[in-house]
Amino acid sequence: MSTVKSPLSDEARKVTGAALQESLVDLIDLHLLAKQAHWNLTGRHFRSIHLQLDEVVAIARDHADTVAERAVAIGFNPDGRARTVAETTKVHQLDAGYLHDDKVVAAITDMLAEMIQRFRARIETTDESDLVTQDLLITVAQDLEKQHWMFEVQRR
């Protein structure tokens, strides 16, 4: 079995790897929850929110892949298995069943706000351990903040 040699020191790899793993879990769970809301959405604003949730799914999937690949590039094995995500997620879960559009907007807005706080903390954490990863996390945070804004303005 071959391994990827890290360009980072062992300590920087640990710190950066942990930030990337936590980010991966956030993004995978966001993708799954946005899809869950997408499938079970009801209400007068169904169409626009349904489509907007697909945007969140696409962003989360794309960034999850980039985050996982960055982890491997620094010699850290990402873990995106369902069990790992379920056991370690910090994302608040949606209720089962049909979800009214107002509740979805509120839930996704809150979910994104909490996730953005965690990403901003990871951005600070990686300031000394790995600026390349920090730049990646800044890009993710930028996209999450844009989606947060777009959902937040729909709150009643």
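Residues numbered from 1 in each chain as written. Predicted model: local features only at pLDDT ≥ 70, side-chain atom pairs only at ≥ 80, totals over all residues. Heavy atoms only, no water.

Asker: Account for the side chain of glutamine 21, with residues named and values stated.
Answerer: Looking at the element boundaries, glutamine 21 is found in helix 1 (residues 10-40). By relative accessible area, which is 15% here, glutamine 21 ends up buried. (Helix = DSSP H or I, 4+ residues; strand = E, 2+ residues; numbered from the N terminus. Buried < 20%, exposed > 50% of the residue type's maximum accessible area, 1.4 Å probe, protein only.)

Asker: Please give an account of helix 2 (residues 46-73) that cites residues and values.
Answerer: Between its first and last C-alpha atoms helix 2 spans 40 Å; for 28 residues at 1.5 Å apiece the expected length is 40 Å, and the two agree. Looking one or two residues past helix 2, glycine 75 carries a phi angle of roughly 85°, positive in sign. (Expected span 1.5 Å × (residues − 1).)

Asker: Residues and numbers for the packing of helix 2 against helix 4 (residues 101-129), please.
Answerer: Where helix 2 meets helix 4, the closest approach of the two axes is 10 Å, and the angle between their N-to-C directions is 30°. In this view, helix 2 runs roughly parallel relative to helix 4, as classed from their interaxial angle. Once helix 2 is placed against helix 4, the crossing between them reads as left-handed. Across the interface between the two elements, Phe46, Ile49 and Leu53 of helix 2 pack against Asp101, Val104, Val105 and Ile108 of helix 4. When the residues that make up the contact of helix 2 with helix 4 are grouped by side-chain class, the tally is six nonpolar, no polar and one charged. (Axes fitted to C-alpha atoms, helices over the stretch in contact; angles between N-to-C directions. Parallel < 35°, antiparallel > 145°, perpendicular 65-115°, else oblique. Left-handed = near helix turned anticlockwise from the far one by under 90°. Contact = heavy atoms within 4.5 Å. Nonpolar A, V, L, I, M, F, W, Y, C, P; charged D, E, K, R; others polar.)

Asker: Let's hear about the environment of threonine 42: which residues, and what values?
Answerer: In this structure, threonine 42 sits in strand 1 (residues 41-42). Taking the C-alpha atoms as reference points, threonine 42 and alanine 18, separated by 24 residues in sequence, lie 37 Å from one another. Apart from residues lying up to four places away in sequence, threonine 42 is in contact with Tyr98, Leu99, His100 and Asp101.

Asker: Before we move on, can you summarise the side chain of histidine 63 with the specific residues and values?
Answerer: Considering the arrangement of structural elements, one finds histidine 63 in helix 2. Its relative accessible area of 6% is what places histidine 63 among the buried residues. A distance of 2.7 Å separates a polar atom in the side chain of histidine 63 from a polar atom in the side chain of aspartate 143. When neighbours within four sequence positions are excluded, histidine 63 is seen to be in contact with Leu27, Thr139, Val140 and Asp143. (Polar contact = N/O pair within 3.5 Å; in protein donor to acceptor, adjacent residues only side chain to side chain.)

Honestly, that's just the spatial picture; any functional story needs more than this.
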